[in-house]
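Each chain, letter by letter, is given below.
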Amino acid sequence: MSVFSKVQTVTQSTFFEVNFDGIVGPTHNYSGLSAGNIASMRSANAESSPQAAALQGLNKMRVLLRKGVKQAALPPQQRPCPYLLNDLGYAKGSLTQNGPGLSRETASDNASDKKYYMRQLMSASSMWVANAATISPSLDTTDKRVHLTVANLANALHRSMEVPQTTRVLNTIFEDKAHFVVHSAITSHSVIGDEGAANHGRLCLRHDQPGVEVFVYGKSAFLEKRKGFPCRQAVEASKAVARNHGLSYENSIFLQQSEEAVDAGVFHNDVISVINENVFLMHEKSFINQVEEINVIRRKCNFDVCFLNISEDELPLHEAVSSYFFNSQLITLPDGAMMLLMPKEVEENVKALNCVDRLIADTNNPINDRVFLNLKQSMKNGGGPACLRLRVLLNQSQIDALGGDVMMTESKLDELERIVKAYYREKITPDDLFDAEFIKDSYCALREIAKCLSMREIYDFSK
Ligand code: SUG
(Lines give C-alpha, C1' and ligand atoms only; values in the text may rest on other atoms or scores of the structure.)
Protein backbone atom coordinates (compact mmCIF):
# COMPACT_ATOMS: atom_id res chain seq x y z
CA MET A 1 0.00 0.00 0.00
CA SER A 2 1.29 3.52 -0.86
CA VAL A 3 2.38 5.85 1.98
CA PHE A 4 -0.14 8.33 0.58
CA SER A 5 -3.08 5.97 0.48
CA LYS A 6 -6.64 7.10 1.20
CA VAL A 7 -6.83 4.79 4.20
CA GLN A 8 -6.61 7.08 7.20
CA THR A 9 -5.23 6.77 10.68
CA VAL A 10 -7.93 7.59 13.20
CA THR A 11 -5.90 9.00 16.12
CA GLN A 12 -7.25 12.48 16.80
CA SER A 13 -4.87 15.38 16.26
CA THR A 14 -4.34 17.70 19.24
CA PHE A 15 -4.00 20.67 16.87
CA PHE A 16 -6.82 22.01 14.73
CA GLU A 17 -6.65 24.10 11.63
CA VAL A 18 -9.12 26.86 12.47
CA ASN A 19 -10.34 28.59 9.33
CA PHE A 20 -11.03 32.27 10.05
CA ASP A 21 -13.21 33.54 7.20
CA GLY A 22 -13.60 37.22 6.42
CA ILE A 23 -17.24 38.27 6.60
CA VAL A 24 -17.96 40.13 3.34
CA GLY A 25 -18.62 43.80 4.06
CA PRO A 26 -21.77 45.75 3.05
CA THR A 27 -19.85 47.82 0.47
CA HIS A 28 -18.75 44.87 -1.68
CA ASN A 29 -18.39 46.30 -5.20
CA TYR A 30 -16.49 46.01 -8.45
CA SER A 31 -14.17 48.99 -8.90
CA GLY A 32 -11.46 47.36 -11.03
CA LEU A 33 -8.77 48.27 -8.52
CA SER A 34 -6.34 45.36 -8.89
CA ALA A 35 -3.87 45.34 -11.77
CA GLY A 36 -2.75 41.80 -12.58
CA ASN A 37 -5.95 40.34 -11.11
CA ILE A 38 -7.83 39.45 -14.28
CA ALA A 39 -11.24 38.96 -12.66
CA SER A 40 -11.08 42.36 -10.90
CA MET A 41 -10.02 44.11 -14.11
CA ARG A 42 -12.83 42.45 -16.11
CA SER A 43 -15.55 43.17 -13.55
CA ALA A 44 -14.84 46.92 -13.24
CA ASN A 45 -18.10 48.94 -12.88
CA ALA A 46 -20.37 45.88 -12.91
CA GLU A 47 -23.35 45.73 -10.56
CA SER A 48 -22.60 43.80 -7.34
CA SER A 49 -24.76 42.23 -4.66
CA PRO A 50 -23.24 42.76 -1.19
CA GLN A 51 -26.07 40.66 0.27
CA ALA A 52 -25.50 37.68 -2.04
CA ALA A 53 -21.72 37.95 -1.55
CA ALA A 54 -22.01 37.85 2.23
CA LEU A 55 -24.55 34.99 2.16
CA GLN A 56 -22.29 32.96 -0.14
CA GLY A 57 -19.43 33.48 2.35
CA LEU A 58 -21.58 32.48 5.34
CA ASN A 59 -22.73 29.38 3.48
CA LYS A 60 -19.10 28.37 2.96
CA MET A 61 -18.50 28.62 6.70
CA ARG A 62 -21.63 26.55 7.38
CA VAL A 63 -20.57 23.81 4.95
CA LEU A 64 -17.23 23.44 6.72
CA LEU A 65 -18.75 23.64 10.18
CA ARG A 66 -21.08 20.78 9.24
CA LYS A 67 -18.08 18.76 8.05
CA GLY A 68 -16.71 19.03 11.60
CA VAL A 69 -14.04 21.63 10.76
CA LYS A 70 -13.38 24.40 13.30
CA GLN A 71 -14.61 27.61 11.76
CA ALA A 72 -14.19 31.19 12.95
CA ALA A 73 -14.95 34.61 11.45
CA LEU A 74 -13.30 38.03 11.18
CA PRO A 75 -15.48 41.15 10.99
CA PRO A 76 -15.63 43.43 7.94
CA GLN A 77 -13.92 46.81 8.13
CA GLN A 78 -15.45 50.26 8.46
CA ARG A 79 -15.90 52.02 5.12
CA PRO A 80 -15.09 54.64 4.03
CA CYS A 81 -11.78 53.85 5.73
CA PRO A 82 -11.61 56.53 8.47
CA TYR A 83 -7.80 56.68 8.66
CA LEU A 84 -7.20 57.15 4.96
CA LEU A 85 -10.09 59.61 4.72
CA ASN A 86 -8.44 61.70 7.41
CA ASP A 87 -4.95 61.37 5.89
CA LEU A 88 -6.31 62.68 2.61
CA GLY A 89 -7.76 65.77 4.29
CA TYR A 90 -11.40 64.90 3.70
CA ALA A 91 -13.87 65.53 6.49
CA LYS A 92 -16.20 62.73 7.52
CA GLY A 93 -19.16 62.53 5.11
CA SER A 94 -17.59 64.97 2.66
CA LEU A 95 -17.29 62.52 -0.20
CA THR A 96 -20.97 61.59 -0.35
CA GLN A 97 -23.43 63.33 -2.71
CA ASN A 98 -25.83 64.32 0.03
CA GLY A 99 -23.33 64.52 2.90
CA PRO A 100 -22.54 67.63 4.96
CA GLY A 101 -20.15 69.11 2.38
CA LEU A 102 -16.42 69.53 2.36
CA SER A 103 -15.51 71.29 5.55
CA ARG A 104 -11.88 71.24 4.51
CA GLU A 105 -12.41 71.82 0.80
CA THR A 106 -9.53 73.42 -1.01
CA ALA A 107 -8.86 74.59 -4.52
CA SER A 108 -6.96 71.35 -5.15
CA ASP A 109 -10.14 69.32 -4.78
CA ASN A 110 -12.28 68.20 -7.71
CA ALA A 111 -14.91 65.67 -8.71
CA SER A 112 -12.56 63.17 -10.33
CA ASP A 113 -10.31 63.15 -7.23
CA LYS A 114 -13.35 62.38 -5.14
CA LYS A 115 -14.52 59.60 -7.40
CA TYR A 116 -11.07 58.05 -7.47
CA TYR A 117 -10.65 58.15 -3.70
CA MET A 118 -14.19 57.08 -2.90
CA ARG A 119 -13.70 53.87 -4.86
CA GLN A 120 -10.57 53.09 -2.89
CA LEU A 121 -12.00 54.16 0.46
CA MET A 122 -15.13 52.05 0.07
CA SER A 123 -13.48 48.78 -1.01
CA ALA A 124 -14.63 45.70 0.90
CA SER A 125 -11.34 43.96 0.06
CA SER A 126 -10.65 43.07 3.71
CA MET A 127 -12.94 40.06 3.09
CA TRP A 128 -9.92 38.28 1.52
CA VAL A 129 -8.33 37.53 4.85
CA ALA A 130 -5.73 35.20 3.34
CA ASN A 131 -4.02 38.58 2.83
CA ALA A 132 -4.54 39.82 6.39
CA ALA A 133 -1.47 38.21 7.99
CA THR A 134 1.07 35.38 7.91
CA ILE A 135 0.83 32.88 10.73
CA SER A 136 3.34 30.44 12.20
CA PRO A 137 1.92 27.94 14.66
CA SER A 138 3.53 27.39 18.06
CA LEU A 139 4.85 24.02 16.83
CA ASP A 140 7.31 25.83 14.53
CA THR A 141 8.44 28.88 16.49
CA THR A 142 11.36 29.13 18.93
CA ASP A 143 9.32 30.62 21.79
CA LYS A 144 6.46 28.11 21.23
CA ARG A 145 3.88 30.84 20.80
CA VAL A 146 1.71 31.46 17.74
CA HIS A 147 3.22 34.33 15.71
CA LEU A 148 1.13 36.51 13.43
CA THR A 149 2.48 39.30 11.20
CA VAL A 150 -0.05 41.72 9.76
CA ALA A 151 0.51 42.05 5.98
CA ASN A 152 1.41 45.56 4.79
CA LEU A 153 -0.41 45.08 1.44
CA ALA A 154 1.78 47.91 0.19
CA ASN A 155 1.14 47.29 -3.50
CA ALA A 156 -2.32 48.87 -3.71
CA LEU A 157 -3.91 51.80 -1.90
CA HIS A 158 -7.27 50.11 -1.32
CA ARG A 159 -5.55 47.14 0.30
CA SER A 160 -2.85 48.96 2.28
CA MET A 161 -5.58 50.95 4.07
CA GLU A 162 -6.73 47.65 5.66
CA VAL A 163 -3.67 47.53 7.94
CA PRO A 164 -4.80 49.63 10.97
CA GLN A 165 -8.15 47.84 11.32
CA THR A 166 -6.64 44.38 10.72
CA THR A 167 -4.06 45.15 13.41
CA ARG A 168 -6.78 46.18 15.85
CA VAL A 169 -8.90 43.09 15.15
CA LEU A 170 -6.01 40.63 15.41
CA ASN A 171 -4.79 42.28 18.61
CA THR A 172 -8.28 41.86 20.05
CA ILE A 173 -8.61 38.19 19.12
CA PHE A 174 -5.00 37.15 19.77
CA GLU A 175 -4.58 39.36 22.84
CA ASP A 176 -3.30 36.68 25.24
CA LYS A 177 0.46 37.17 25.30
CA ALA A 178 1.04 33.77 26.90
CA HIS A 179 -0.05 32.16 23.64
CA PHE A 180 0.15 34.75 20.86
CA VAL A 181 2.48 37.39 19.42
CA VAL A 182 0.97 39.85 16.91
CA HIS A 183 3.69 41.66 14.94
CA SER A 184 2.87 45.01 13.32
CA ALA A 185 2.99 45.15 9.56
CA ILE A 186 6.40 45.62 7.99
CA THR A 187 6.99 49.29 7.00
CA SER A 188 4.72 50.04 4.08
CA HIS A 189 6.70 50.16 0.86
CA SER A 190 6.18 48.04 -2.24
CA VAL A 191 9.91 47.08 -2.26
CA ILE A 192 9.11 45.11 0.89
CA GLY A 193 5.52 44.32 -0.11
CA ASP A 194 3.93 41.58 1.99
CA GLU A 195 0.59 39.97 1.08
CA GLY A 196 0.30 37.55 3.99
CA ALA A 197 -0.77 33.91 4.07
CA ALA A 198 -1.77 33.86 0.38
CA ASN A 199 1.96 33.41 -0.29
CA HIS A 200 2.68 31.01 2.55
CA GLY A 201 1.99 27.37 3.28
CA ARG A 202 3.14 24.75 5.74
CA LEU A 203 4.25 21.20 5.07
CA CYS A 204 4.07 18.72 7.94
CA LEU A 205 3.34 15.06 8.45
CA ARG A 206 0.18 15.91 10.39
CA HIS A 207 -1.16 19.16 11.79
CA ASP A 208 0.14 18.27 15.27
CA GLN A 209 3.75 17.90 14.07
CA PRO A 210 6.41 20.61 13.50
CA GLY A 211 6.47 21.73 9.89
CA VAL A 212 8.51 23.33 7.13
CA GLU A 213 7.06 26.73 6.21
CA VAL A 214 6.97 27.55 2.51
CA PHE A 215 7.17 31.24 1.54
CA VAL A 216 6.51 32.22 -2.09
CA TYR A 217 7.63 35.53 -3.57
CA GLY A 218 7.51 37.28 -6.93
CA LYS A 219 10.07 40.05 -6.56
CA SER A 220 13.28 41.14 -4.86
CA ALA A 221 15.38 44.30 -4.70
CA PHE A 222 18.16 42.10 -6.13
CA LEU A 223 16.21 40.91 -9.15
CA GLU A 224 15.82 42.85 -12.36
CA LYS A 225 12.58 44.82 -12.76
CA ARG A 226 10.30 43.04 -15.20
CA LYS A 227 7.59 44.09 -17.59
CA GLY A 228 4.14 42.46 -17.45
CA PHE A 229 1.80 42.17 -14.51
CA PRO A 230 3.12 43.43 -11.16
CA CYS A 231 4.58 41.02 -8.60
CA ARG A 232 3.35 41.76 -5.10
CA GLN A 233 5.32 39.67 -2.60
CA ALA A 234 8.98 40.59 -1.97
CA VAL A 235 11.34 37.88 -0.72
CA GLU A 236 12.79 40.49 1.65
CA ALA A 237 9.39 40.72 3.35
CA SER A 238 8.97 36.93 3.50
CA LYS A 239 12.40 36.58 5.12
CA ALA A 240 11.62 39.35 7.63
CA VAL A 241 8.43 37.48 8.61
CA ALA A 242 10.38 34.22 9.02
CA ARG A 243 12.98 35.98 11.21
CA ASN A 244 10.35 37.71 13.35
CA HIS A 245 8.51 34.44 13.84
CA GLY A 246 11.68 32.72 15.02
CA LEU A 247 11.74 30.16 12.21
CA SER A 248 15.01 28.38 11.55
CA TYR A 249 16.82 27.85 8.25
CA GLU A 250 15.81 24.18 8.50
CA ASN A 251 12.10 24.86 8.82
CA SER A 252 11.63 27.55 6.16
CA ILE A 253 11.94 27.61 2.40
CA PHE A 254 11.56 30.40 -0.18
CA LEU A 255 10.24 29.73 -3.69
CA GLN A 256 10.00 32.20 -6.56
CA GLN A 257 6.83 32.38 -8.67
CA SER A 258 7.34 31.80 -12.39
CA GLU A 259 6.94 34.90 -14.54
CA GLU A 260 4.66 32.96 -16.86
CA ALA A 261 2.30 32.33 -13.96
CA VAL A 262 2.31 35.98 -12.83
CA ASP A 263 1.56 37.13 -16.38
CA ALA A 264 -1.28 34.61 -16.64
CA GLY A 265 -2.95 36.32 -13.64
CA VAL A 266 -1.33 34.56 -10.67
CA PHE A 267 -1.08 37.65 -8.47
CA HIS A 268 -0.84 35.52 -5.30
CA ASN A 269 0.60 32.02 -4.98
CA ASP A 270 -2.72 30.64 -3.70
CA VAL A 271 -4.02 31.06 -7.24
CA ILE A 272 -1.64 28.31 -8.45
CA SER A 273 -0.81 25.99 -5.56
CA VAL A 274 -2.10 24.80 -2.20
CA ILE A 275 -0.54 22.86 0.67
CA ASN A 276 -2.19 20.81 3.38
CA GLU A 277 -0.16 18.67 5.79
CA ASN A 278 2.05 16.44 3.58
CA VAL A 279 0.26 17.24 0.28
CA PHE A 280 1.57 19.92 -2.08
CA LEU A 281 -0.83 20.42 -5.00
CA MET A 282 0.65 22.69 -7.66
CA HIS A 283 0.59 23.51 -11.35
CA GLU A 284 3.80 22.55 -13.14
CA LYS A 285 4.33 26.22 -14.08
CA SER A 286 4.05 27.64 -10.56
CA PHE A 287 7.70 28.20 -9.63
CA ILE A 288 11.07 29.01 -11.13
CA ASN A 289 13.26 25.85 -11.24
CA GLN A 290 10.30 23.85 -10.03
CA VAL A 291 11.85 20.38 -10.41
CA GLU A 292 15.00 21.37 -8.49
CA GLU A 293 12.95 23.13 -5.81
CA ILE A 294 10.84 20.02 -5.30
CA ASN A 295 14.04 18.12 -4.57
CA VAL A 296 15.17 20.79 -2.09
CA ILE A 297 11.83 20.47 -0.30
CA ARG A 298 12.17 16.66 -0.26
CA ARG A 299 15.56 17.01 1.43
CA LYS A 300 14.33 19.55 4.00
CA CYS A 301 11.29 17.56 5.09
CA ASN A 302 11.98 14.59 7.35
CA PHE A 303 8.75 12.98 6.10
CA ASP A 304 7.43 12.01 2.68
CA VAL A 305 5.74 14.81 0.79
CA CYS A 306 3.03 13.94 -1.74
CA PHE A 307 3.67 16.31 -4.67
CA LEU A 308 0.70 16.53 -7.01
CA ASN A 309 2.15 18.38 -9.96
CA ILE A 310 -0.59 19.18 -12.51
CA SER A 311 0.69 19.43 -16.08
CA GLU A 312 -0.08 22.12 -18.63
CA ASP A 313 -1.60 19.41 -20.82
CA GLU A 314 -4.03 18.34 -18.15
CA LEU A 315 -5.00 21.87 -17.08
CA PRO A 316 -3.57 24.81 -19.04
CA LEU A 317 -2.38 27.75 -16.92
CA HIS A 318 -5.08 30.12 -18.18
CA GLU A 319 -7.81 27.60 -17.28
CA ALA A 320 -6.23 27.01 -13.89
CA VAL A 321 -6.59 30.78 -13.37
CA SER A 322 -10.08 31.17 -14.84
CA SER A 323 -11.45 28.18 -12.86
CA TYR A 324 -9.44 29.01 -9.70
CA PHE A 325 -8.78 25.25 -9.38
CA PHE A 326 -5.82 25.79 -7.02
CA ASN A 327 -7.58 28.44 -4.95
CA SER A 328 -9.45 25.61 -3.29
CA GLN A 329 -9.29 24.82 0.38
CA LEU A 330 -7.52 21.50 0.86
CA ILE A 331 -8.73 20.37 4.25
CA THR A 332 -8.16 17.47 6.62
CA LEU A 333 -11.49 16.30 8.00
CA PRO A 334 -11.86 14.93 11.55
CA ASP A 335 -11.57 11.32 10.25
CA GLY A 336 -8.17 12.19 8.72
CA ALA A 337 -9.38 12.16 5.09
CA MET A 338 -8.67 15.16 2.84
CA MET A 339 -11.28 17.15 0.96
CA LEU A 340 -11.11 19.89 -1.66
CA LEU A 341 -13.57 22.74 -1.24
CA MET A 342 -13.64 24.28 -4.70
CA PRO A 343 -15.35 27.15 -6.50
CA LYS A 344 -18.25 26.18 -8.76
CA GLU A 345 -16.17 27.42 -11.68
CA VAL A 346 -14.15 24.16 -11.41
CA GLU A 347 -17.31 22.13 -11.94
CA GLU A 348 -18.10 24.29 -14.98
CA ASN A 349 -14.70 23.73 -16.63
CA VAL A 350 -14.34 20.29 -18.26
CA LYS A 351 -10.56 20.04 -17.83
CA ALA A 352 -10.62 21.27 -14.24
CA LEU A 353 -13.44 18.86 -13.35
CA ASN A 354 -11.65 15.91 -14.98
CA CYS A 355 -8.49 16.87 -13.15
CA VAL A 356 -10.07 16.86 -9.68
CA ASP A 357 -11.91 13.63 -10.41
CA ARG A 358 -8.67 12.04 -11.60
CA LEU A 359 -7.00 13.08 -8.30
CA ILE A 360 -9.82 11.57 -6.28
CA ALA A 361 -9.70 8.30 -8.25
CA ASP A 362 -5.90 8.10 -7.86
CA THR A 363 -5.13 5.81 -4.91
CA ASN A 364 -1.71 7.42 -4.35
CA ASN A 365 -2.89 10.55 -2.59
CA PRO A 366 -5.11 11.17 0.45
CA ILE A 367 -7.71 13.41 -1.28
CA ASN A 368 -11.00 11.57 -1.42
CA ASP A 369 -13.76 14.16 -1.75
CA ARG A 370 -14.64 17.50 -3.34
CA VAL A 371 -17.39 20.02 -2.75
CA PHE A 372 -18.27 22.82 -5.18
CA LEU A 373 -19.53 26.13 -3.83
CA ASN A 374 -21.08 29.18 -5.43
CA LEU A 375 -18.81 32.09 -4.47
CA LYS A 376 -19.40 33.99 -7.68
CA GLN A 377 -19.69 37.44 -6.08
CA SER A 378 -16.21 37.19 -4.57
CA MET A 379 -14.80 35.29 -7.55
CA LYS A 380 -15.67 38.22 -9.84
CA ASN A 381 -13.09 40.23 -7.88
CA GLY A 382 -10.50 37.43 -7.95
CA GLY A 383 -11.30 35.97 -4.54
CA GLY A 384 -11.95 32.22 -4.33
CA PRO A 385 -12.45 29.91 -1.32
CA ALA A 386 -8.80 30.05 -0.23
CA CYS A 387 -8.70 33.87 -0.41
CA LEU A 388 -11.63 34.14 1.97
CA ARG A 389 -9.96 32.25 4.80
CA LEU A 390 -6.99 32.64 7.11
CA ARG A 391 -5.68 29.34 8.45
CA VAL A 392 -4.59 29.38 12.09
CA LEU A 393 -3.31 26.14 13.57
CA LEU A 394 -4.27 26.05 17.25
CA ASN A 395 -4.51 23.59 20.11
CA GLN A 396 -7.47 23.62 22.50
CA SER A 397 -5.86 25.90 25.12
CA GLN A 398 -5.02 28.40 22.38
CA ILE A 399 -8.61 28.24 21.10
CA ASP A 400 -9.84 28.81 24.66
CA ALA A 401 -7.57 31.87 24.91
CA LEU A 402 -9.04 33.64 21.85
CA GLY A 403 -10.59 37.05 22.49
CA GLY A 404 -14.06 38.03 21.22
CA ASP A 405 -16.64 35.40 20.39
CA VAL A 406 -15.39 34.45 16.96
CA MET A 407 -15.79 30.67 16.81
CA MET A 408 -18.77 29.87 14.57
CA THR A 409 -21.78 27.78 15.58
CA GLU A 410 -25.00 27.16 13.67
CA SER A 411 -26.80 29.79 15.74
CA LYS A 412 -24.07 32.38 15.27
CA LEU A 413 -24.22 31.82 11.51
CA ASP A 414 -28.04 32.18 11.68
CA GLU A 415 -27.61 35.51 13.45
CA LEU A 416 -25.05 36.75 10.92
CA GLU A 417 -27.37 35.71 8.11
CA ARG A 418 -30.20 37.65 9.72
CA ILE A 419 -28.04 40.78 9.93
CA VAL A 420 -26.97 40.48 6.29
CA LYS A 421 -30.56 40.04 5.10
CA ALA A 422 -31.71 43.02 7.19
CA TYR A 423 -29.00 45.57 6.32
CA TYR A 424 -27.08 44.59 3.19
CA ARG A 425 -28.22 45.90 -0.19
CA GLU A 426 -29.26 43.39 -2.83
CA LYS A 427 -27.70 45.40 -5.64
CA ILE A 428 -25.30 48.32 -5.96
CA THR A 429 -23.14 49.91 -8.63
CA PRO A 430 -19.91 51.77 -7.80
CA ASP A 431 -21.87 55.08 -8.06
CA ASP A 432 -24.05 54.08 -5.08
CA LEU A 433 -20.92 54.27 -2.94
CA PHE A 434 -21.42 58.05 -2.73
CA ASP A 435 -24.82 57.74 -1.06
CA ALA A 436 -24.82 58.86 2.61
CA GLU A 437 -27.87 56.69 3.41
CA PHE A 438 -26.03 53.65 2.10
CA ILE A 439 -23.10 54.40 4.41
CA LYS A 440 -25.44 54.85 7.38
CA ASP A 441 -27.05 51.44 6.69
CA SER A 442 -23.63 49.84 6.44
CA TYR A 443 -22.74 51.19 9.91
CA CYS A 444 -25.91 49.56 11.31
CA ALA A 445 -24.80 46.23 9.84
CA LEU A 446 -21.27 46.57 11.24
CA ARG A 447 -22.58 47.53 14.68
CA GLU A 448 -24.68 44.33 14.80
CA ILE A 449 -21.88 42.13 13.47
CA ALA A 450 -19.50 43.50 16.11
CA LYS A 451 -22.11 42.75 18.78
CA CYS A 452 -22.57 39.20 17.45
CA LEU A 453 -18.79 38.58 17.62
CA SER A 454 -18.46 40.38 21.01
CA MET A 455 -16.00 42.85 19.52
CA ARG A 456 -17.71 46.14 20.28
CA GLU A 457 -14.66 48.40 20.31
CA ILE A 458 -13.38 47.75 16.83
CA TYR A 459 -15.12 50.50 14.85
CA ASP A 460 -14.32 54.21 15.01
CA PHE A 461 -17.93 55.29 14.51
CA SER A 462 -18.99 53.51 17.71
CA LYS A 463 -16.57 55.47 19.90
O1 SUG B 1 -5.99 41.86 -3.81
N2 SUG B 1 -9.21 41.87 -5.26
C3 SUG B 1 -8.24 41.26 -4.36
C4 SUG B 1 -8.39 39.76 -4.40
C5 SUG B 1 -7.56 39.09 -3.33
C6 SUG B 1 -7.54 37.62 -3.47
N7 SUG B 1 -6.77 37.04 -2.42
C8 SUG B 1 -6.00 35.95 -2.53
N9 SUG B 1 -5.60 35.47 -3.70
N10 SUG B 1 -5.56 35.40 -1.44
C11 SUG B 1 -6.82 41.65 -4.73
O12 SUG B 1 -6.52 41.73 -5.92
C13 SUG B 1 -10.45 43.74 -6.25
C14 SUG B 1 -11.16 44.98 -5.75
C15 SUG B 1 -11.87 45.71 -6.85
O16 SUG B 1 -11.41 45.69 -8.00
O17 SUG B 1 -12.90 46.39 -6.56
C18 SUG B 1 -9.45 43.19 -5.24
O19 SUG B 1 -8.90 43.93 -4.45
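A few words now on the overall build of the protein. The helix and strand inventory of the protein stands at 16 helices and 15 strands. For 463 residues, the compact-globule estimate of 2.2 N^0.38 gives 23 Å, and the C-alpha radius of gyration of the protein, at 21 Å, lies within 12% of that figure. Per-residue burial for the protein yields a buried fraction of 60% across its 463 residues. Per element, the accessible surface of the protein, about 18,100 Å² overall, is 51% carbon and sulfur. Charged side chains of the protein number 49 positive and 54 negative; the gap between the two group centres comes to 2 Å.

Judged by pairing direction, the sheet is mixed, and its 3 strands sit side by side in the order 3-4-5 without closing on themselves. On the outer flanks of this sheet lie strand 3 (133-136) and strand 5 (180-183), each paired with one strand and no other. In this sheet, adjacent strand axes meet at a mean angle of 15° when their direction is disregarded. When strand 4 (residues 146-150) meets strand 5, the two strands line up parallel, connected through 4 bridges. Each bridged residue has a counterpart across the sheet, and for Val-146 the counterpart in strand 5 is Phe-180. Helix-sheet contacts for helix 6 (residues 163-173) involve strand 3, strand 4 and strand 5, and the interaxial angle to strand 4 is about 160°.

Here we come to the pattern of salt bridges. Here the structure, examined in full by the defined rule, presents 27 salt bridges. Here Asp-405 makes a salt bridge to Lys-412, at a shortest N to O gap of 3.2 Å. Assessed through its relative accessible area of 34%, Asp-405 is described here as partly exposed. Residue Lys-412 is classed as buried on the basis of its relative accessible area of 13%. One salt bridge in this structure joins Glu-437 and Lys-440, with 3.3 Å as the shortest N-O distance.

With that out of the way, let us pick up unusual backbone geometry. Between Arg-79 and the following residue, Pro-80, the backbone shows a cis peptide bond with an omega angle of 0°. Structurally, Pro-80 is set in the loop between strand 2 (71-74) and helix 3 (82-87). The phi torsion at Lys-144 lies on the positive side, around 60°, for a residue other than glycine. Here Lys-144 shows up in the loop between strand 3 and strand 4. A relative accessible area of 53% means that Lys-144 is categorised as exposed. Positive phi values are uncommon outside glycine, yet Glu-277 reaches one of about 45°. Turning to its location among the elements, Glu-277 is positioned in the loop between strand 9 (273-276) and strand 10 (279-283).

Attention now goes to the nonpolar core. Core analysis: the biggest nonpolar cluster contains 112 residues, and Phe-20, Ile-173, Phe-174, Leu-281, Phe-325 and Leu-390 have the highest contact counts within it. With 8 residues, the top contributor of residues to this core is helix 16 (residues 436-452). Sequence-distant contacts of Ile-173, that is, excluding residues within four places in its chain, are made with Phe-20, Leu-74, Ala-401, Leu-402, Gly-403, Val-406 and Met-455. In terms of nonpolar packing, the next biggest core, distinct from the first, is built from 16 residues, Ile-275, Phe-280, Met-282 and Val-305 among them.

As a further point, take helix 15 (residues 410-423). Across its 14 residues, helix 15 extends 20 Å between first and last C-alpha, which sits within 8% of the 20 Å expected from 1.5 Å per residue. Among the residues of helix 15, those classed as buried are Lys-412, Leu-413, Leu-416, Ile-419 and Val-420. Across the axial projection of helix 15, the buried residues extend over an arc of 120°, all falling on one side. On the buried face of helix 15, the contacting elements are helix 2 (50-66) and helix 16.

All right, on to the site of the ligand then. The environment of the ligand is made up of 21 residues, and the closest members are Leu-33, Ser-34, His-158, Arg-232 and Asp-270. One nitrogen or oxygen atom from the side chain of Arg-232 is found 2.8 Å from an oxygen atom belonging to the ligand. Between the ligand and the protein, one listed contact pairs a nitrogen atom with a backbone N or O atom of Asn-381 at 3.1 Å. If you map the ligand onto the pockets, it falls in the second largest cavity. Looking at the shell around the ligand, its residues break down into 7 nonpolar, 11 polar and 3 charged.

So, about the confidence of the model for the protein. Across the protein, the average pLDDT comes to 93, with 95% of residues at or above 70. Considering only residues more than four positions removed or in separate chains, one finds that residues 99-104, a stretch of pLDDT under 50, has 13 contacts.

On to the sheet that holds strand 12 (residues 329-332), then. Read from one edge to the other, the open sheet built from 3 strands follows the order 12-13-14, with strand pairing classed as mixed. Two strands bound the open sheet, and with one partner strand each, they are strand 12 and strand 14 (367-373). On average, each strand axis in the sheet is tilted by 25° relative to the strand beside it, whichever way the strands run. Where strand 13 (residues 338-343) meets strand 14, 6 bridges bridge the pair, whose relative direction is parallel. Along strand 14, the bridge assignment pairs Met-342 with Phe-372. Helix 12 (residues 350-361) contacts strand 13 and strand 14 of the sheet and is inclined by roughly 150° relative to strand 14.

Rules used throughout
Residues numbered from 1 in each chain as written. Predicted model: local features only at pLDDT ≥ 70, side-chain atom pairs only at ≥ 80, totals over all residues. Heavy atoms only, no water. Helix = DSSP H or I, 4+ residues; strand = E, 2+ residues; numbered from the N terminus. Rg over C-alpha atoms; globule rule 2.2 N^0.38 Å. Buried < 20%, exposed > 50% of the residue type's maximum accessible area, 1.4 Å probe, protein only. Areas by Shrake-Rupley, 256 points an atom, 1.4 Å probe, with all protein chains shown as cover. Lys, Arg positive; Asp, Glu negative; His and termini not counted. Charge placed at Lys NZ, Arg CZ, Asp CG, Glu CD. Pairing = 2+ DSSP bridges. Axes fitted to C-alpha atoms, helices over the stretch in contact; angles between N-to-C directions. Contact = heavy atoms within 4.5 Å. Salt bridge = Lys/Arg side-chain N within 4 Å of Asp/Glu carboxyl O. Core = buried A, V, L, I, M, F, W, Y, C linked by side-chain atoms within 4.5 Å. Expected span 1.5 Å × (residues − 1). Arc of directions from axis to C-beta. Near = heavy atom within 4 Å. Polar contact = N/O pair within 3.5 Å; in protein donor to acceptor, adjacent residues only side chain to side chain. 1 Å grid on protein atoms, 1.4 Å probe; cavity = no way out; pocket = protein on both sides within 12 Å on 5 of 7 lines; lining within 4 Å. Sits in = over half its atoms within 2 Å of the grid points. Nonpolar A, V, L, I, M, F, W, Y, C, P; charged D, E, K, R; others polar. pLDDT = per-residue confidence, 0-100.

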